[in-house]
Amino acid sequence: QVQLVESGGGLVQAGGSLRLACTASGRTFSMNAMGWFRQAPGKEREFVAGITRSGGNTYYADFVKGRFTISRDNAKNTVYLQMNSLKPEDTAVYYCGAAGSVTVKAELYYWGQGTQVTVSS
């Protein structure tokens, strides 16, 4: 089982940018598709972006298309989420997850501990 540690969250003004990183332990990172989800208070965890094992295909929720970019470096066991043009509604805890394939089903992922992103207006 892969273990995941997220970093890079913080407080940013609307229109600003953040880059999240998620580093995995173990030698199985390249065998997993990776996803970023988020969860705002009182809401369910929702899919944000996903990337296949090789990084050849990426997927995005409609509400982040054109603003967020997911990427991975298998040599560094790390997946990234570049977030630009941030909006107050992007405020949430962001979670990195590993799964057999990219899916929007949160229950199919192994999770990190999450990192808080707060966007002020």
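Because the structure is predicted, anything quoted here is derived from the model rather than measured.

Enquirer: Would you mind going over the side chain of Asp-90 in detail, with residue names and values included?
Expert: Structurally, Asp-90 is set in the loop between β8 (78-83) and β9 (92-99). Within the local environment of Asp-90, its side chain forms a polar contact with the backbone nitrogen of Lys-87, the two atoms lying 2.8 Å apart. The contacts of Asp-90, once residues within four sequence positions are left out, are Arg-38, Arg-67, Phe-68, Ser-85, Val-117 and Val-119.

Enquirer: Report on the state of the cysteines, specifying residues and quantitative values.
Expert: In total, this model carries one disulfide according to the counting rule given. A sulfur-sulfur distance of 2.1 Å marks the disulfide that ties Cys-22 to Cys-96. Taking the sign of the torsion about the S-S bond as the criterion, the disulfide between Cys-22 and Cys-96, at about -70°, is left-handed. Remark: Cys-96 occurs in strand β9 and Cys-22 occurs in strand β3 (residues 18-24); sequence separation between them is 74 residues. Across the pair, exposure class does not vary: Cys-22 and Cys-96 are buried alike.

Enquirer: So what's going on with the pattern of salt bridges? Which residues, and what values?
Expert: For the structure shown, the criterion picks out four salt bridges. With a shortest N-O distance of 2.8 Å, Arg-38 and Glu-46 are connected by a salt bridge. Across the pair Asp-90 and Arg-38 runs a salt bridge, and its minimum N-O distance is 2.9 Å. Taken together, the positions of Asp-90 in the loop between β8 and β9 and Arg-38 in strand β4 (residues 33-39) put the pair 52 residues apart, joining distant regions of the chain. Taken together, the salt bridges that share partners define one network made up of Arg-38, Glu-46, Arg-67 and Asp-90.

Each value, and the rule that gives it
Residues numbered from 1 in each chain as written. Predicted model: local features only at pLDDT ≥ 70, side-chain atom pairs only at ≥ 80, totals over all residues. Heavy atoms only, no water. Helix = DSSP H or I, 4+ residues; strand = E, 2+ residues; numbered from the N terminus. Polar contact = N/O pair within 3.5 Å; in protein donor to acceptor, adjacent residues only side chain to side chain. Contact = heavy atoms within 4.5 Å. Disulfide = S-S within 2.5 Å. Buried < 20%, exposed > 50% of the residue type's maximum accessible area, 1.4 Å probe, protein only. Salt bridge = Lys/Arg side-chain N within 4 Å of Asp/Glu carboxyl O.

Limitation: the analysis is restricted to geometry and does not speak to function.
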